[in-house]
Amino acid sequence: MDDDRYGSDVLSGDWRAKGVKKVRQVPLERDMVLEDPDSGWAGAVVGLEAGNVSLEDWKGRTRAFPFTGQFLLEGELVTLGRPQAPVGRSAAAPAGPAGRIGGVHSDWRPGSAPAVRQASGGGRLRTASGSFAVESQRARVALPSRIMVEGRHDAELVEKVWGSDLRVEGVVVEYLEGVDNLADVLDEFRPDRSRRVGVLVDHLVPGSKESRFADAVMRGKWGAHVLVVGHPFVDVWQSVKPARLGLEAWPTIPRSIEWKKGILQHLGWPAEDQADVARAWQRILGQVRTFADLEPQLLGRVEELIDFVTEPQG
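So, here's what we can say about the structure. Predicted model, so just to flag it, every value in this text is computed and none were measured.

### Focus on helix α6 (residues 296-310)
Then comes step 1: An ideal rise of 1.5 Å per residue puts 21 Å on 15 residues; α6 measures up with 21 Å between its terminal C-alpha atoms.
Then comes step 2: Along α6, the positions that sit buried rather than exposed are Leu-298, Leu-299, Val-302, Leu-305, Ile-306, Phe-308 and Val-309.
Then comes step 3: If you follow the buried residues of α6, they end up packed against β10 (146-149), α1 (152-169), β12 (197-201) and β13 (226-230).

Laid out in structure tokens, this is it:
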């Protein structure tokens, strides 16, 4: 018989590779957000030197990992290929001194969008927010007015999408660490006609705690110079379109479960402590490239705040 069910040579071929999933190779790029699966360190690519790739986390700390290792990219295990463009700091646009997140004095941070993007088919450059880029213009000295957001994640998202526009306008974004602190912050800041404050609040829906705080502020002594707007989402994470994470919709989490940890459990990501939450946010933020990746309920509110704090004094 000529039929040999076992093949002509039992030693031919790579029998060990059968059933093993191949790991995709992707070219290394500056600003690419990677995670080392062994240590859990997540950060953006800021350099490649002596066979090591440097990843900078959201606190500005840098660690180097072997270029030949494996990394998580948007949740997928990958290996790295040779970069097609320089990835060192000299390849980035110059930035001002480090300072507030999202402010005109902010340095680059992991997850930040490129300052400008080439319009399809050529033509004028656009920022991540969709605005036409203002070329060859340095960041302005900060305006006295401010935009305030609830937390660090809100600030990092605003910086990523609107950072270029904010630097041109001279607007600083500060975070409150919770809307409960808003009244005290305003008393200290003392808004007036030339020092306006725009506030972005999570979960601003009728009857919510956030709506009661917002109403009290708008009726209070600073109300004439403060604008409080918000989006309907439980957390700013939900303003990222679910399709960017491979979801049809953001899952509904029972009130008995802390929302972010419930989201991580649904996604099958680590959810033991705050470090897991921070790493998860970097993965989510890494999916946001332009305004098109965000829900309109957030886009309109941020644009409204920028207009409010930059309105010329009459």
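### Side note on unusual backbone geometry
Then comes step 1: The backbone phi angle of Ala-50 is positive, close to 50°, even though this residue is not glycine.
Then comes step 2: Of note, the phi angle at His-203 is positive, near 55°, even though the residue is not glycine.
Then comes step 3: Mapped onto the elements of the fold, His-203 is located in the loop between β12 and α3 (209-219).
Then comes step 4: Taking the relative accessible area as the measure of exposure, His-203 reaches 26% and is therefore partly exposed.

### Some remarks on the packing of α1 against α6
Then comes step 1: Between α1 and α6, the shortest axis-to-axis distance is 12 Å and the interhelical angle comes to 25°. Overall, the two elements α1 and α6 adopt an arrangement that is roughly parallel. Pair α1 / α6 crosses with right-handed handedness. Contacts between α1 and α6 involve Leu-157, Val-158, Trp-162, Leu-166 and Glu-169 from the first element and Leu-298, Leu-299, Val-302, Glu-303, Ile-306 and Thr-310 from the second.
Then comes step 2: A class-by-class count of the residues in the contact of α1 with α6 yields eight nonpolar, one polar and two charged.

What counts and how
- Residues numbered from 1 in each chain as written.
- Predicted model: local features only at pLDDT ≥ 70, side-chain atom pairs only at ≥ 80, totals over all residues.
- Heavy atoms only, no water.
- Helix = DSSP H or I, 4+ residues; strand = E, 2+ residues; numbered from the N terminus.
- Expected span 1.5 Å × (residues − 1).
- Buried < 20%, exposed > 50% of the residue type's maximum accessible area, 1.4 Å probe, protein only.
- Contact = heavy atoms within 4.5 Å.
- Axes fitted to C-alpha atoms, helices over the stretch in contact; angles between N-to-C directions.
- Parallel < 35°, antiparallel > 145°, perpendicular 65-115°, else oblique.
- Left-handed = near helix turned anticlockwise from the far one by under 90°.
- Nonpolar A, V, L, I, M, F, W, Y, C, P; charged D, E, K, R; others polar.

Nothing here speaks to function; it is all geometry.
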